[in-house]
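Per-entry structural report
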Amino acid sequence: MAALGWLTPRRRSATARSVLAGEASAEAARKSTQETATPAEPEFPVIGDDRAAAFFDLDNTVMQGAALFHFGRGLYKRKFFETRDLARFAWQQAWFRLAGVEDPEHMQDARDSALSIVKGHRVAELESIGEEIYDEYMADRIWPGTRALAQAHLDAGQKVWLVTAAPVEIAQVIARRLGLTGALGTVAESVDGVYTGRLVGEPLHGPAKAEAVRALAAAEGLDLSRCAAYSDSHNDIPMLSLVGHPYAINPDAKLRRHARDQDWRLRDYRTGRKAAKVGIPAAAGVGAVAGGTAAAIALSRRRR
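Notes on the structure in this doc start here. The shown structure was predicted, so the numbers you read here are calculated from the model rather than taken from an experiment. (Residues numbered from 1 in each chain as written. Predicted model: local features only at pLDDT ≥ 70, side-chain atom pairs only at ≥ 80, totals over all residues. Heavy atoms only, no water.)

1. Some details on the pattern of salt bridges
Overall, the coordinates contain 15 salt bridges when judged by the stated rule. With a closest N to O distance of 2.8 Å, aspartate 49 and arginine 226 form a salt bridge. One end of the pair, aspartate 49, is in the loop between helix H1 (2–36) and strand S1 (53–56); the other, arginine 226, is in the loop between helix H8 (207–220) and strand S6 (228–231), with 177 residues separating them in the sequence. Here the salt bridges do not stand alone but share partners, grouping Lys77, Arg78, Glu132 and Glu136 into one network. (Salt bridge = Lys/Arg side-chain N within 4 Å of Asp/Glu carboxyl O. Helix = DSSP H or I, 4+ residues; strand = E, 2+ residues; numbered from the N terminus.)

Below is the structure:
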């Protein structure tokens with residue numbers, strides 16, 4: 001028994017030393033990891049930051065294709081204009097997507113075409129039709145990934161706006177359907193609730209988007225350095241450059257290069273093939289326009 005009594009304290013002492021050695025080793029490993037690990041990215045969006053908001057471009061950022069073209073298909077279906085007008089409008093959209101730049105003459109022609117279609121119609125009529133057209137042509141074309149980004153801002157208690165060159169009435173329908181705060185869009189002049197066929201100012205495009213965001217931020221008391229903006233197009237670099245958190249979503253070639261140079265975040269929700277080949281999105285846009293035109297014309301002929 002004496003021998004056992006002599007062994008027991010020694011065994012306990014050895015165990016205590018093992019525990020001490022293990023704890024010291026773990027602490028050293030933890031410190032080493034902290035010193036060498038990359039600092040964790042801060043949480044974004046910041047929950048409860050009411051001076052932050054998010055601004056989303058619409059075409060090819062939130063929605064596949066151009067909202068104005070989908071709206072045009074819906075108006076064509078309702079006999080607002082003829083097949084030749086749809087074909088011309090489709091060509092204008094296809095040229096824009098292929099070239100990737102705005103030609104003033106093409107842009108003016110496209111604006112005149114759209115305005116001539118709605119001239120004389122009541123604003124309330126177009127708003128009601130917009131609800132129907134959203135269900136017919138737009139609802140299934142919302143990018144789930146971008147929708148999730150917008151929802152993250154909403155869940156954080158922040159306001160989220162669409163910012164688009166599409167008519168503000170269309171933009172507001174889409175924003176409402178997605179549960180967003182609201183929309184900034186091109187404003188067509190109306191008198192006594194009837195469209196005159198003229199614009200108020202110019203289309204909300206390029207630098208005009210940046211000015212709209214700046215004005216809204218001032219009115220809402222937002223800190224743009226804490227805000228986020230999302231777009232697919234290099235035309236929106238002025239808007240993206242305004243905010244502290246710019247994102248390139250499904251970017252065109254010029255925006256992709258700029259985003260990489262500026263170390264902006266990129267997200268691509270297109271297929272792997274389209275994401276890998278920068279030249280594909282423009283061609284895909286042309287195909288979508290051409291396909292949509294053919295579908296609308298075929299539908300009209302089938303119903304005659």
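2. Side note on the pairing of S1
Across the two faces of S1 the burial is the same, with Ala53 and Phe55 and Ala54 and Phe56 all buried. Here 3 bridges tie S1 to S6, and the two strands are oriented parallel to one another. Bridging from a neighbouring strand, phenylalanine 55 pairs with alanine 229 of S6. (Buried < 20%, exposed > 50% of the residue type's maximum accessible area, 1.4 Å probe, protein only. Pairing = 2+ DSSP bridges.)

3. Here's the deal with unusual backbone geometry
Even without being glycine, lysine 79 reaches a positive phi, approximately 65°. Mapped onto the secondary structure, lysine 79 falls in the loop between helix H2 (67–77) and helix H3 (83–99). When its relative accessible area of 59% is taken as the criterion, lysine 79 is described as exposed. Phi at aspartate 263 takes a positive value of approximately 60°, unusual for a residue other than glycine. Position of aspartate 263 among the secondary structure elements: in the loop between helix H10 (253–262) and strand S8 (265–267). Residue aspartate 263 is classed as exposed on the basis of its relative accessible area of 70%.

4. Observations concerning the pairing of strand S3 (residues 182–186)
Among the 5 residues of S3, 5 are classified as buried, and the element is accordingly described as predominantly covered. Looking at chain direction, strand S2 (residues 159–167) and S3 are connected through 4 bridges and run parallel. Within S3, the residue paired with valine 163 across the bridge is leucine 184. Once you follow S2 into helix H7 (residues 168–178) and on to S3, the crossover reads as right-handed. (Right-handed = clockwise from strand over helix to strand, strands pointing away.)

5. Here's the deal with the sheet that holds S3
Sheet architecture is open: 6 strands sit in the order S3-S2-S1-S6-S7-S8, paired in parallel fashion. Two strands in the sheet have a free side with no partner beyond their single neighbour: S3 and S8. Neighbour-to-neighbour, the strand axes of this sheet turn through a mean angle of 20°, independent of strand direction. Helix H6 (residues 144–155) rests against S1, S2, S6 and strand S7 (245–249) of the sheet, and its axis sits at about 160° to S1. Contacts from H8 reach S1, S2 and S3 within the one sheet, and its direction differs from that of S2 by about 145°. (Axes fitted to C-alpha atoms, helices over the stretch in contact; angles between N-to-C directions. Contact = heavy atoms within 4.5 Å.)

6. Some thoughts on the packing of helix H5 (residues 123–138) against H7
Between H5 and H7, the least distance of the axes is 9 Å, while the angle of their chain directions is 50°. Here H7 runs oblique to H5, going by the angle between their axes. When the axes of H5 and H7 are compared, the crossing they make is right-handed. Along its contact with H5, which presents Val123, Glu127, Gly130, Glu131, Tyr134, Asp135 and Met138, the element H7 presents Glu169, Ile170, Val173, Ile174, Arg176, Arg177 and Leu178. Broken down by class, the residue content of the contact of H5 with H7 amounts to 7 nonpolar, 1 polar and 6 charged. (Parallel < 35°, antiparallel > 145°, perpendicular 65-115°, else oblique. Left-handed = near helix turned anticlockwise from the far one by under 90°. Nonpolar A, V, L, I, M, F, W, Y, C, P; charged D, E, K, R; others polar.)

7. Points about the nonpolar core
Residues Phe56, Ala67, Leu75, Met138, Leu162, Ile174 and Tyr230 are the most contacted members of the largest nonpolar core, which totals 41 residues. Ranked by residues supplied to this core, first place goes to H5 with 7 residues. Every residue in contact with methionine 138, bar those within four places of it in the chain, is listed here: Met63, Ala67, His70, Phe71, Ile133, Ile170 and Ile174. Phe55, Leu204, Val213 and Ile237 belong to the second-largest nonpolar core, a separate cluster that totals 25 residues. (Core = buried A, V, L, I, M, F, W, Y, C linked by side-chain atoms within 4.5 Å.)

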